[in-house]
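Observations on chain architecture
Letter by letter, the chains look like this.
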Amino acid sequence: MYRIILMVVRLFYKVPYYLMRIWWLGTRKNFNLEENYAFIKKVTKAANRAGRVKIESYGMENIPKENGFIFFPNHQGMFDALVFLESCPVPFSVVYKKEVSNVILLKQVFKALHAIAIDREDIKQSLQVINQMTEEVKKGRNFLIFPEGTRSRMGNQLLPFKGGTFKSAVRAKCPIVPCALIDSYKPFDEKSIAPVTVKLIYLKPICYEEYKQLKTPEIADLVKSRIEEAIKEYL
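Quick look at the structure, then. Everything numeric in this text was worked out from a predicted model, so none of it was measured. (Residues numbered from 1 in each chain as written. Predicted model: local features only at pLDDT ≥ 70, side-chain atom pairs only at ≥ 80, totals over all residues. Heavy atoms only, no water.)

As for the nonpolar core
Among the nonpolar cores identified, the biggest contains 44 residues, and Phe-71, Phe-79, Phe-84, Leu-85, Phe-92 and Tyr-202 are the most heavily contacted of them. Counting only elements with at least two residues in this core, the list comes to helix H2 (15-27), helix H3 (33-50), strand S1 (53-58), helix H4 (80-87), strand S3 (93-97), helix H5 (106-112), strand S6 (176-182) and strand S7 (196-202). When neighbours within four sequence positions are excluded, Tyr-202 is seen to be in contact with Ser-57, Tyr-58, Gly-59, Met-60, Asn-62, Ile-63, Phe-71, Phe-84, Ser-87, Cys-88, Pro-178 and Cys-179. Membership of the second largest hydrophobic core comes to 29 residues, among which are Ile-116, Phe-143, Ile-145 and Ile-219. (Core = buried A, V, L, I, M, F, W, Y, C linked by side-chain atoms within 4.5 Å. Buried < 20%, exposed > 50% of the residue type's maximum accessible area, 1.4 Å probe, protein only. Helix = DSSP H or I, 4+ residues; strand = E, 2+ residues; numbered from the N terminus. Contact = heavy atoms within 4.5 Å.)

Given below as structure tokens:
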């Protein structure tokens, strides 16, 4: 919370413009993901600088050259999305839990990116999200979904990965890109405004041919193990 206040104070004169512009991008009729993403990326970089947060990215070469893939990172908190928005050079959308639908700024950003809210307590709605995501990935959109389903609250330790989050990748036959976040919980969870560094490691994509014989829980375990190995290496 302290760092969010710092971001707002240091960008005080720009915040109203940023919010209005992002709101407009999410409501205009002619949706343009590339343009929306470019502006949100600009705002994210400004916010992170104002909040004294440095993002270190590794493995950028592992981001697929062709669109139509899914990022699967570990989940440490609300700052996770800001890490990707600053780091990732290609536009993507997000599948997020409905509980954060009314968080100011996140709400506007998700709408501008045409992100999809998921209610994990509603099986029917969750299946609809999986189907929608599958079709959009087939059309060449990139997505990010957190396979833990919720933030870990254990620092850089991971919760079990849910096999169901990988159904869209299997159905779309798309590359799975495991991503490791390190110390992403610190900017918003720690009661400090001291400079902090967050690391994001893009791991080698897992192509459909590599996982097509696996069941989704097995894919989940595979991705989780690779992320845990990366965290140990880069921590």
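Back to the write-up after that little detour.
Quick word on a nonpolar patch on the surface
There is a patch of nonpolar side chains on the surface, built from Met-1, Tyr-2, Ile-5, Val-9 and Ile-193 and spanning about 500 Å² of accessible area. For Tyr-2, the location among the structural elements is in helix H1 (residues 2-10). By relative accessible area, which is 45% here, Tyr-2 ends up partly exposed. (Patch = residues over 30% accessible without salt bridge, like charges linked within 9 Å, V, L, I, M, F, W, Y side chains within 5 Å. Areas by Shrake-Rupley, 256 points an atom, 1.4 Å probe, with all protein chains shown as cover. Salt bridge = Lys/Arg side-chain N within 4 Å of Asp/Glu carboxyl O.)

Comments concerning the pairing of S6
S6 sits mainly inside the fold: seven of its seven residues count as buried. Two strands pair when backbone bridges link them, and strand S2 (residues 70-73) and S6 are joined in this way by four bridges, in the parallel orientation. Within S6, the position partnered with Phe-71 by the bridge is Val-177. (Pairing = 2+ DSSP bridges.)

Brief notes about H3
End to end, H3 covers 25 Å across 18 residues, agreeing with the expected 26 Å (1.5 Å per residue, within 8%). Of the residues making up H3, those classed as buried are Leu-33, Asn-36, Tyr-37, Phe-39, Ile-40, Lys-41, Val-43, Thr-44, Ala-46, Ala-47, Asn-48 and Ala-50. Residues of H3 that are buried sit in contact with H1, H2, S1, H4 and H5. A side-chain oxygen of the first residue of H3 lies 3.2 Å from the backbone nitrogen of Glu-34; this N-cap is Asn-32. Note on H3: the residue one or two positions beyond its end, Arg-52, has a positive phi of about 65°. (Expected span 1.5 Å × (residues − 1). Polar contact = N/O pair within 3.5 Å; in protein donor to acceptor, adjacent residues only side chain to side chain.)

Observations regarding the pattern of salt bridges
Scanning all chains against the criterion turns up nine salt bridges. Across the pair Arg-28 and Glu-35 runs a salt bridge whose closest N-O atoms are separated by 3.3 Å. For Arg-28, a relative accessible area of 19% puts it in the buried group. What makes Glu-35 partly exposed here is its relative accessible area of 33%. A salt bridge links Arg-151 to Asp-189; its shortest N-O distance comes to 2.2 Å. Residue Arg-151 is located in the loop between strand S5 (143-145) and helix H7 (167-172), and its partner Asp-189 is located in helix H8 (residues 186-189); the two are separated by 38 residues in the primary sequence. Looking at Arg-151, the relative accessible area reads 16%, which means it is buried.

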